[in-house]
Structure formats: C-alpha cells, structure tokens
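So you can see what is in the structure, the chains are spelled out below.
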Amino acid sequence: MEGRGRPYAGGKQMDLLPNPAPLATKLRNTLVQYHSIGDSEWRVAKKTKDATVWRKPSEEFSGYLYKAQGVVEDVTNRIVDHIRPGPYRLDWDSLMTTMDIMETFEENCCVMRYTTAGQLWNIIAPREFVDFSYTTGYEDGLLTCGISLDYGEVRPNFVRGFNHPCGWFCIPLKDYPSHSLLTGYIQTELRGMLPQSAVDTAMSSTLANFYSDLKKALKTGKQ
C-alpha cells in the first residue's frame, strides 16, 4: 500500500480560476509543439495491437512525457466526444471513477474534477485531479487538451495528482475518412509516495488500455 505523505496544499481552498482564453492558447501551442517532436527523441515503452506508447523525459517535471498513437475505426468528432469531458467518458474509461464539471466557460472549455481507481493492486492509491479542458480544431481534425489547476478542496482518501499539459490529436485518415489517427501526449505527476518504476509501469499500461477500451465503447455505441 502506498504511504499517504503530506496532504497536498493542506486540503485548503487553492488558487482562483485562471482567465480561460490565454490559458487555452498557451495549452494548444504547447501540445502542437509536442506534436512536432522528432521520432528520434522517443523511446518505445509498450506496443499492443491497438496502440504504440513511447516516452521521453518531461521538461515539466522529473517524470516522463508519454506519446501514444493508434488508428481508431471511427470519425473524428465521435471519438473526441468520447474522450473530452462529457457524458460518454465515465461510461467506458475503466480508470475513471467519478467526473464532475465544476465550471463551464464556453461549450468547448471547462474545469472538471475527476477521480481514478487504485492501480497495481493498490500500490498506487486512488487519485483526484482538477483539470482545465479545452477542445479546438486542428488541421482537418480536433485537439482536446488539458492541464491541472490547484483549485478546490482535496477530497478525503484521495491524493491530488497533477496533469502537466496533455492532450489528444484526432485526425481523419486521408484515404479512409471513417478512420482516424489518434495521438495522445500525457505527463501525469501522480504525487504521493511512489516508486518511479511503479508509475512507469502503470502509465504505459493505462495508455494502451485506453485505446482498447475506447474502441470497444465506440463499437458498442453503434450497435
């Protein structure tokens, strides 16, 4: 079992909400920069039939920036609707246990709070995140991205994690527009008292499972 350590920010009310427009612009630009990182900088962390996961040292914290990529047999809008904050995500994402929209700025821009289940036989205790989320157009497809905020009280029995800039690019394949290339960039600081090897194992598996769970949900929804 994971040691609790010091509760993050003492469980007190934290910062006020930021102005959404500059944060959204900065977040989008950061994700576009990640999307342009050359292949030689990435190292393969895991391969499954649904996706490949790579990693490289993060420039935001002492862990890794992960990249995941795979083809999903569906149209871009439907895929992104299943990923971004909304009614679908909680139904199919096996890691997510609760999700609440705390604030909505515009239709494509909100603050969400969600919790995740314990992982690796509860070596990694349940986590809580409060994220700013933004969805926007990118090339012929969509980008849905997010970053954690130090906002709101930390719930009892959860460790407050922190997502550094992360997001999903979903682009229709030119010759098969009913299929999309889904590419994710994730750098989650789980915080708490954790061995780095446990975090690395969990992140690679979580991202690979994300694709298989998403594909199942999209197929089930069509039946």
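Conventions we followed
Residues numbered from 1 in each chain as written. Predicted model: local features only at pLDDT ≥ 70, side-chain atom pairs only at ≥ 80, totals over all residues. Heavy atoms only, no water. Core = buried A, V, L, I, M, F, W, Y, C linked by side-chain atoms within 4.5 Å. Buried < 20%, exposed > 50% of the residue type's maximum accessible area, 1.4 Å probe, protein only. Helix = DSSP H or I, 4+ residues; strand = E, 2+ residues; numbered from the N terminus. Contact = heavy atoms within 4.5 Å. Phe/Tyr/Trp six-rings, centres within 6.5 Å; stacked < 30°, edge-to-face > 60°. Lys NZ or Arg CZ within 6 Å of the ring centre and 35° of its normal. Pairing = 2+ DSSP bridges.

(A) Layout of the nonpolar core. Membership of the largest hydrophobic core comes to 31 residues, with the highest contact counts inside it found for Ile79, Trp168, Leu182, Tyr211 and Leu214. Taken together, the elements giving at least two residues each to this core come down to β3 (64-72), α2 (76-83), β4 (96-106), β5 (109-116), β9 (162-172), β10 (180-189) and α4 (196-222). In terms of residue count, the dominant contributor to this core is α4 (9 residues). If we skip the residues at most four places from it in the chain, Ile79 touches Val72, Asp74, Cys170, Ser180, Leu182, Leu214 and Leu218.

(B) Seen up close, the packing of aromatic side chains. Per the counting criterion, the structure on display carries 11 aromatic pairs. Judged by centre distance (6.2 Å) and plane angle (65°), the ring pair of Tyr64 and Tyr66 falls under edge-to-face. Among the residues examined, Tyr64 registers a relative accessible area of 24% and is labelled partly exposed. Given the relative accessible area of 2%, Tyr66 is considered buried. The interplanar angle of 20° and the centroid separation of 5.1 Å between the aromatic rings of Tyr114 and Phe129 together place this pair among those described as stacked. Separated by 15 residues along the polypeptide, Tyr114 in strand β5 and Phe129 in strand β6 (residues 127-138) bring together distant segments of the chain. Neither Tyr114 nor Phe129 differs from the other in exposure class; each is buried. Three or more aromatic residues joined by ring pairs form one cluster here, namely Tyr34, Trp42, Tyr138, Phe169 and Tyr185. Between Arg55 and the ring centre of Tyr64, over which it is positioned, the NZ or CZ distance is 4.0 Å. For Lys67, the ring lying beneath its charged end belongs to Trp54, and the centroid distance is 5.2 Å.

(C) Examining the pairing of β6 more closely. Extensive coverage of β6 is indicated by the burial of 11 of its 12 residues. Bridge analysis of β5 against β6 gives 8 bridges, and the strand direction is antiparallel. Bridging from a neighbouring strand, Thr115 pairs with Glu128 of β6. Here β6 pairs with strand β8 (residues 159-160) via 2 bridges, running parallel. What sits directly across from Arg127, in β8, is Val159. Pairing between β6 and strand β7 (residues 141-148): 8 bridges, direction antiparallel. In the strand pairing of β7, Phe132 is matched with Ile147.

Just distances and angles here, no functional claims.
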